[in-house]
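Remarks on the overall topology
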Amino acid sequence: MNMLVCVKQVPDTTEIKIDPVTNTLIRAGVPSILNPFDGYALEAAARIKDVDPSAKIVVLSMGPEQAKSVLKESLAIAADKAYLVSDRVFGGSDTLATSYTISESIKKVEELEGKFDIIFCGKQAIDGDTAQVGPEIAEHLGLPQVTYSLEAEVNGDTVKVKKEVGEGVEVIAVRMPCLLTFTKPAWDLRYPTIKRKIAANRAGIPTLTAADLTAIDRTRAGLKGSPTKVKKTFVPQKKSGGVKIREETSEASAKRLFGLLNEAGII
């Protein structure tokens, strides 16, 4: 069993602040973390490896040099190998260009590590919330995909996936190779052991550049390959507080709320 987990380094959203003058994110001094949904994907792969110790987990990240910190964290938790995709050519990529570059990187890594049976991704990154990159990677590679996965269990040449839907949970069987994107399951990412932490800190992480991806079409990467154009960003103005309704009974409160909504033309 050969598995790949795509991970991303993201800002810790609890620490993000907005510059009131420029209306841009203040990134200086903001800590970066492993994208939580990618962590759930890594744990899902680790649980498959718990059942099959011979399975291999490779992690891949696209980003600047400092993204190696989340790759080392992934190695400390469960991964066996790690690769960083980094080059100025890839700078400014939107989701389409990012997914294309990652898909070409996966092909290169498969030349080194063998074909992947399952590719795991988080459903979305918390700094963008597009939920597009995982499904787009599957399309670039021509793989079947299951989104909003909660659990995955390998059975022969298929994966039985529990998928979150509006009505609850669906169970889907998908033939390998395939791609799965993960949402928040009932469990959390496991903690690394001291032994794995030490090994991860010593591990060498190869960097794949545009020169290494000889088959990549550079017009489809970076800004050149990004059709998304951001016209404007702004911070919404804070509005005044609402109306507190405190009547003697719940029925009276409901009638008062109905009256206010009716006067405002909402209902």
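Please refer to the structure higher up on the page.
Residues numbered from 1 in each chain as written. Predicted model: local features only at pLDDT ≥ 70, side-chain atom pairs only at ≥ 80, totals over all residues. Heavy atoms only, no water.

Here helix 6 (residues 250-263) is 14 residues long and its end C-alpha atoms lie 20 Å apart, about the 20 Å a rise of 1.5 Å per residue gives. Once helix 6 finishes, Gly265 follows within two positions and takes phi at roughly 75 degrees, a positive value. (Helix = DSSP H or I, 4+ residues; strand = E, 2+ residues; numbered from the N terminus. Expected span 1.5 Å × (residues − 1).)

Here we take up a nonpolar patch on the surface. Taken together, the side chains of Phe258, Ile266 and Ile267 present a nonpolar region at the surface, about 330 Å² in accessible area. The topology assignment puts Phe258 in helix 6. (Patch = residues over 30% accessible without salt bridge, like charges linked within 9 Å, V, L, I, M, F, W, Y side chains within 5 Å. Areas by Shrake-Rupley, 256 points an atom, 1.4 Å probe, with all protein chains shown as cover. Salt bridge = Lys/Arg side-chain N within 4 Å of Asp/Glu carboxyl O.)

On to unusual backbone geometry. Omega for the bond connecting Met176 with Pro177 falls within 30 degrees of zero, at 0 degrees, which places this linkage in the cis form. Mapped onto the fold, Pro177 is located in the loop between strand 11 (168-175) and strand 12 (178-182). Although it is not a glycine, Asp129 adopts a positive phi angle of roughly 60 degrees. For Asp129, the location among the structural elements is in the loop between strand 8 (118-122) and helix 4 (133-141). Here Tyr148, not a glycine, exhibits a phi torsion of approximately 55 degrees, which is positive. Residue position: Tyr148 is located in strand 9 (residues 145-155). Looking at Tyr148, the relative accessible area reads 32%, which means it is partly exposed. (Buried < 20%, exposed > 50% of the residue type's maximum accessible area, 1.4 Å probe, protein only.)

A few words on the state of the cysteines. Across all of its chains, the model carries 0 disulfides by this definition. Note on Cys121: no disulfide assigned, nearest cysteine sulfur contributed by Cys6 at a separation of 4.0 Å. (Disulfide = S-S within 2.5 Å.)

Val5, Ile118, Phe120, Val159 and Leu180 are the most contacted members of the largest nonpolar core, which has 42 residues in total. At 8 residues, helix 1 (residues 36-51) tops the list of elements feeding residues into this core. Those residues in contact with Ile118 that sit more than four places away from it in its chain are Met1, Asn2, Met3, Leu4, Ile48, Val154, Val159, Met176, Cys178 and Leu180. Core analysis: the second largest hydrophobic core is formed by 24 residues, Cys6, Tyr100, Leu208 and Ala221 among them. (Core = buried A, V, L, I, M, F, W, Y, C linked by side-chain atoms within 4.5 Å. Contact = heavy atoms within 4.5 Å.)

Turning to the layout of surface pockets, a few remarks are in order. In this model, the largest pocket occupies a volume close to 1300 Å³. As for the largest pocket, its lining consists of 48 residues, of which Lys8, Gln9, Val10, Met62 and Asp127 are closest to the centre. Where the lining of the largest pocket is concerned, the elements lending two or more residues are strand 2 (9-11), strand 4 (25-26), strand 6 (56-62), helix 3 (95-113), strand 8 and helix 4. The class makeup of the residues in the lining of the largest pocket is 21 nonpolar, 18 polar and 9 charged. (1 Å grid on protein atoms, 1.4 Å probe; cavity = no way out; pocket = protein on both sides within 12 Å on 5 of 7 lines; lining within 4 Å. Points joined across faces, edges and corners; volume = space filled by probe spheres on them. Nonpolar A, V, L, I, M, F, W, Y, C, P; charged D, E, K, R; others polar.)

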